[in-house]
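Per-entry structural report
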Protein chains: 2
Amino acid sequence: MAPSTTTTYTTKQWILASKPTGAPVLSGPDATFKLQTVTLPPLKDGQLLCKVRHFSNDTGLRNFIQSTVAPERFYVPTVPVGSPMRSGIIAEVLESASPSYKAGDLVMDFHLGTWSELVVLEAATSQKLAPLPKNLSLTHYLGAFGASGLAAYTGLKFAGGAKPGDTVVISAAAGATGSMAIQIAIHLLGAKRVVGIAGSDEKCAWVQDQLGAHACVNYKSPTFVEDLKAATPEEVDVYFDNVGGHVLDAMLTRVKKHGTIAVCGAVSGYNSDEPMALRNWFELISMRINIKGFIMLDYMDKAPGILQELIGAVADGRIKLQDAETMVEARIEEQPEVWMRLFSGKNQGKLITNLIV
Amino acid sequence: MAPSTTTTYTTKQWILASKPTGAPVLSGPDATFKLQTVTLPPLKDGQLLCKVRHFSNDTGLRNFIQSTVAPERFYVPTVPVGSPMRSGIIAEVLESASPSYKAGDLVMDFHLGTWSELVVLEAATSQKLAPLPKNLSLTHYLGAFGASGLAAYTGLKFAGGAKPGDTVVISAAAGATGSMAIQIAIHLLGAKRVVGIAGSDEKCAWVQDQLGAHACVNYKSPTFVEDLKAATPEEVDVYFDNVGGHVLDAMLTRVKKHGTIAVCGAVSGYNSDEPMALRNWFELISMRINIKGFIMLDYMDKAPGILQELIGAVADGRIKLQDAETMVEARIEEQPEVWMRLFSGKNQGKLITNLIV
């Protein structure tokens, strides 16, 4: 028989080995992830064989693998045990079975990206990456010009209803989404006063000095509640919450009457089995506070316009991306450890893996 | 010298003796309230000397005497230690220094009412009670046609945005506000399915059989979470929350995408020093839930129209007030104990004190 003309490829790929209770486990018999080598199926029409260049490291992935939310109430498909761990990626097309792509094109994918060296993507659901002005790194499509920037913008403007003249507070202000939210609130939405909340004095200094926040409060300080009060003397119109927990609890005492809390995340609880403890819930009633959970996917019709606005603001210097991206060189074997740095409290800005082979 | 022509009156009056931590204490050295006898000041122009007939017993009063909310962020003035305990009242005018009132008139007052036998009210801020159709008791002005009915209506319609065809869930469904909310949702707002949550099988039977709820779930049952799920097979558009705590936590898993939680109260925490524990907070994000704290005082411009609608619905039999009011005969000495029955889990409907002298 003639040999098949189809070349087969194998790749290393992380699969979800078990659902963690609490923090994911990186090694040993209870390891959350397991590295395996798999053979990729032959390309079908419309598919792309791609080599992964970058992983987008996002705290939200923690909920993809295990959360209190039933899968049918989760906002995207979750990762079943035994399946490849999903991730936003930037990849380079090696072989294309789609007329829209050729070898060498760079694509971004949040749907079918996995922690793998090689992936098969669908041309129809991948996004071809256009060059950015001023030679900005294409990796910003994973952060400032991707999910982080869109979450920051849509959460502030549409969920939070931020208006010119508002006082806005943003938690995880030194993170990928928070660092964009600080700058968007100031430069694109006309907030009068923007206050960050972050987990170290160093981060707070960056949020104030580099991102331009009017103040930034360290939530690990023993005087956090007093500091927060002092930083918001006229109370708060919109609180953009990435963290939940005791920071949210404190913010319930600072949001003004009829103010809004836009809830983007609750990272303080992602690796914990403990329930979230709120002492100040009655403020919700006494101050008629509005709390809105949101997902930026609900605003995708507005995404092109927002991205144009964000790219313009970076190009003309209003929004600064300097030091807002942390790039880690890593082999595929190290990817779970890289991702877990998000939960160490040490990361600044968008954490991106530069995959080395 | 000629004797003064002004008659002076004395009255027994409960004052707040100390702020409770946890449940109010009824007796002993740590008693929350203290009964004293005071001499009332002479009437000024525009004032009314009144004899109290009824106290409105409301769980919300618990927060007037002590809560986590700073007084400047509370929705009405709180009660300082040493001041008379406030309460909604119905009273009979004994002496009037206002042309708008004469002796024998019945007035309602939520601003200056106190736990006293005699009170001095301001004519300008008191409400003269008009007769009700079909000889309905005037005490309904304290409940169904007062704060409870208005909170139920405005919370469902304006904070909750309940629409015809919605599935609505109401906690503390056998309470003063909840029992009105159940009936308002069904008969005035056109809900397709209305589910109560209450604290005993007896209450649940009343909520279903007498108030007309399509189902009612006992939150003290070990199968509460499963029962709640079974009672809401198509999930929930609007949850009207009176209780907070583990009932709210369970409801976070039942509200549908973009659904609303209108928060009227959080009675599960009023007598507790423990923070509210939520395990399902991430549902707020994954299902884009909207949580709105509200106070019916914000809708007072709509109150006359709503009251007319409520009175009409009772007059034509759509809303039933039978067994929806619990009247307790009590002397002034017993009033703190009567009020505390609200927290025993045994009260049904509006709890009213008929003050006997």
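Residues numbered from 1 in each chain as written. Chains lettered and ligands numbered in written order. Predicted model: local features only at pLDDT ≥ 70, side-chain atom pairs only at ≥ 80, totals over all residues. Heavy atoms only, no water.

Some words on the overall build of chain A
Counting its regular elements, chain A contains nine helices and 16 strands. Scaling as 2.2 N^0.38, a compact globule of 357 residues should have a C-alpha radius of gyration of about 21 Å, and chain A matches this with 21 Å. Considering only C-alpha atoms, chain A reaches an extent of 80 × 50 × 35 Å along its principal axes. A burial count over chain A gives 57% of its 357 residues as buried. Summarising the internal contacts of chain A: among those between residues at least 6 apart in sequence, 69% fall at separations of at least 24. Carbon and sulfur atoms make up 53% of the accessible area of chain A, which amounts to about 14,500 Å² in all. Averaging the locations of the 32 positively and 34 negatively charged side chains of chain A gives two centres separated by 3 Å. (Helix = DSSP H or I, 4+ residues; strand = E, 2+ residues; numbered from the N terminus. Rg over C-alpha atoms; globule rule 2.2 N^0.38 Å. Buried < 20%, exposed > 50% of the residue type's maximum accessible area, 1.4 Å probe, protein only. Contact = heavy atoms within 4.5 Å. Areas by Shrake-Rupley, 256 points an atom, 1.4 Å probe, with all protein chains shown as cover. Lys, Arg positive; Asp, Glu negative; His and termini not counted. Charge placed at Lys NZ, Arg CZ, Asp CG, Glu CD.)

Some thoughts on the relation of the copies chain B and chain A
Superposing chain B onto chain A takes a rotation of 180° plus a shift of 0.0 Å along the axis, which leaves an RMSD of 0.0 Å. Overall, the copies show the geometry of a two-fold rotation axis. Taken as a fraction of all interface residues of chain B, those also at the interface in chain A reach 100%, which identifies the copy contact as same-surface. (Least-squares fit on C-alpha atoms with pLDDT ≥ 70 in both.)

Examining unusual backbone geometry
In this structure, R288(A) takes a positive phi of about 50° despite not being glycine. Topologically, R288(A) is positioned in the loop between α7 (282–286) and β14 (290–293).

A short note on the domain arrangement of chain A
Note on interface size: it is often stated as the accessible area lost on association of the parts. Residues and elements named next belong to chain A. Per the domain assignment, the segments making up chain A are domain 1 (9–143 + 324–355) and domain 2 (147–297). Placing the centre of domain 1 and that of domain 2 at their C-alpha centroids yields a distance of 28 Å. On the side of domain 2, 16 residues touch domain 1, which itself brings 21 residues to the contact. Interface of domain 1 and domain 2: buried area, both sides summed, is about 1,400 Å²; carbon and sulfur atoms make up 55% of it. When the buried surface of domain 1 facing domain 2 is broken down by residue, Y75, G143 and Q348 rank first, second and third, together holding 26% of it. Summed over the shared surface of domain 1 and domain 2, the number is zero salt bridges. Scanning the region where domain 1 abuts domain 2 turns up eight residue pairs in polar contact (both at pLDDT 80 or more). (Domains from an automatic or database assignment. Buried area = accessible area lost by both parts, 1.4 Å probe. Salt bridge = Lys/Arg side-chain N within 4 Å of Asp/Glu carboxyl O. Polar contact = N/O pair within 3.5 Å; in protein donor to acceptor, adjacent residues only side chain to side chain.)

Things to note about the environment of G199(B)
All names here are of chain B. On the secondary structure map, G199 appears in the loop between β9 (193–198) and α4 (201–209). Taking the C-alpha atoms as reference points, G199 and C216, 17 residues apart in sequence, are found 9.9 Å from one another. Filtering out sequence-adjacent residues up to four positions away, G199 remains in contact with N218, Y219 and K220.

Side note on the pattern of salt bridges
All names here are of chain A. Using the criterion set out here, one finds 30 salt bridges over all chains in the structure. Put simply, K350 and D58 hold a salt bridge, and the shortest N to O gap is 2.7 Å. A residue pair is termed long-range when its members are at least 10 positions apart, and K350 in strand β16 (residues 350–355) and D58 in the loop between β3 (47–57) and α1 (61–65) qualify at 292 residues. According to the relative accessible area criterion, D58 is buried, its value standing at 19%. We note a salt bridge from D166 to K163, for which the minimum N-O separation is 3.3 Å. Under the relative-accessibility criterion, D166 is labelled buried at 4%. The structure contains a network of salt bridges with shared partners spanning K12, R331 and E333.

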